[in-house]
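# Report on the structure
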Amino acid sequence: MKIITLDGPAGAGKSSTAKLLASKLGWCHMDTGAMYRAVALAALQRNVALDNEKALAELAASLDIQFLSGAVFLNGEDISVEIRIDRVTAATRPVADAPSVREEMTAMQRKLSRKFNLVTEGRDQGTVVFPCAELKVYLDASPSARAARRYHERIEHGDKSHSIEEILHSQIERDQGDKDRPIGAMEAAKDAIIIHTDGFSLENVVNQVLELARGRGLTSDYIPK
Ligand code: C5P
């Protein structure tokens, strides 16, 4: 099937871009960050030690993770809200650092790509998981714009627990962790198109990616509304 990868740091607009792009193309949206978060949530729920790589990988392999109507399901249960809480975000780091967990997730992600055309977002989609993707995009934005985006998203959900400065601080730590990871580190693939989203609306960014997709003959199913 056909694949568009969207990699880049948290807060650059990957999720909203991937969602809208997938809906315009009539393709599936795969949020691989949500998949790592789902494994972290399952580990917390089942008291699997976050430094036990073998147990984490076995757990990851046993999970049924699905995306339906914009929600994430773990073994049939909608976990879309739970996976965003701070405790799960913190637990996601050791889970995503574990090479054998990454192997399981890579296999799961490739399996999904055999059934559906995918807009897939993450950190390693263009570099490790789908090196032969038809189109690779790396979305970036300045640290302050990304922190502001995250801050406003939280406020929209009624969460005023962190200031922009606190969000910026934890974002810097998370970026470092994502870049330092020995396998699946966050980086643009050599053949990725880099889009800086500062100052661009969501529609504008999606149109830029659609234009690239059109140039590669990927938009035959797309009917502009
Ligand atoms: O995208 P999101 O911020 O939800 O991802 C949560 C964490 O999962 C990231 O900080 C990163 O450490 C990890 N991740 C990863 N590889 C991916 C997607 C996410 O390691 N493909």
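Structure's up top.
Residues numbered from 1 in each chain as written. Predicted model: local features only at pLDDT ≥ 70, side-chain atom pairs only at ≥ 80, totals over all residues. Heavy atoms only, no water.

### What about empty space enclosed by the protein?
Which entries qualify depends on this criterion: Any residue with an atom within 4 Å of a point lines the site, the site being either a cavity, points on a 1 Å grid over the protein atoms alone where a 1.4 Å probe fits but cannot get out, or a pocket, an open set with protein on both sides within 12 Å along at least 5 of 7 lines. Grid points are joined across faces, edges and corners, and a volume is the space filled by probe spheres set on the points. Here a strand is any run of E in DSSP of at least two residues, a helix any run of H or I of at least four, and the numbering for each starts at the N terminus. Side-chain classes are defined by residue name, with Ala, Val, Leu, Ile, Met, Phe, Trp, Tyr, Cys and Pro counting as nonpolar, Asp, Glu, Lys and Arg as charged, and the others, Gly among them, as polar.
All told, the structure shown has one cavity of 30 Å³ or more when counted by the stated rule. Its volume calculated, the largest cavity comes out at about 30 Å³. Around the largest cavity, the lining residues are Thr-5, Asp-7, Gly-126, Lys-136, Val-137, Tyr-138, Glu-187, Ala-188, Ala-189 and Ala-192. Sorting the residues of the lining of the largest cavity by element identifies strand 1 (3-7) and strand 7 (135-140) as the ones contributing at least two each. In terms of residue class, the lining of the largest cavity is built from five nonpolar, two polar and three charged.

### What about the sheet that holds strand 5 (residues 77-78)?
Going by this rule: Here, a strand pair is defined by DSSP locating no fewer than two bridges between the strands.
Within the open sheet, the three strands sit side by side as 3-4-5. Their pairing is antiparallel. In the strand order of this sheet, the two ends are held by strand 3 (65-68) and strand 5, each with one partner. Pairing geometry for strand 3 and strand 4 (residues 71-74), over four bridges, is antiparallel. If you follow Leu-68 over to strand 4, its bridge partner there is Ala-71.

### Here we look at helix 8 (residues 164-180)
Formally: Helix span, as expected, comes to 1.5 Å for every residue beyond the first. Per-residue accessibility, obtained with a 1.4 Å probe over protein chains only, is compared with the maximum for each type, and a residue is labelled buried under 20%, exposed over 50%, and partly exposed between these values. This arc describes the spread of directions from the helix axis toward the C-beta atoms. Note on definitions: a residue-residue contact is assigned when non-hydrogen atoms from the two residues lie within 4.5 Å.
Relative to the 24 Å expected for 17 residues at 1.5 Å per residue, helix 8 spans 24 Å between its end C-alpha atoms, a close match to the ideal helical length. Taken as a whole, helix 8 has its buried residues at Ile-167, Gln-171, Asp-175, Gly-177 and Asp-178. In an axial view of helix 8, the angular spread of the buried residues amounts to 160 degrees, which keeps them on one side of the axis. Turned more than 90 degrees away from the buried face of helix 8, the exposed residues are Glu-165, His-169 and Asp-180. Where the residues of helix 8 are buried, they touch helix 4 (86-97) and helix 7 (143-156).

### Focus: the nonpolar core
For clarity, the cut-off: What is meant by a nonpolar core is a set of buried Ala, Val, Leu, Ile, Met, Phe, Trp, Tyr and Cys residues, joined one to another through side-chain atoms within 4.5 Å. These domain boundaries are the output of an automatic or database domain assignment.
In this structure, Ile-65, Val-101 and Met-105 are the most contacted members of the largest nonpolar core, which totals 35 residues. Secondary structure elements with two or more residues in this core: helix 2 (32-45), helix 3 (53-62), strand 4, helix 4 and helix 5 (99-115). Considering every element that reaches this core, the biggest residue donor is helix 2, with 10 residues. Looking at this core, you find at least three residues from each of domain 1 (1-12 + 119-213) and domain 2 (28-116). The residues touching Met-105, leaving out its near neighbours within four places in the chain, are Met-35, Tyr-36, Val-39, Ala-60 and Ile-65. Judged by nonpolar contacts, the second largest core, of 20 residues, contains Ala-22, Val-119, Val-205 and Ala-213.

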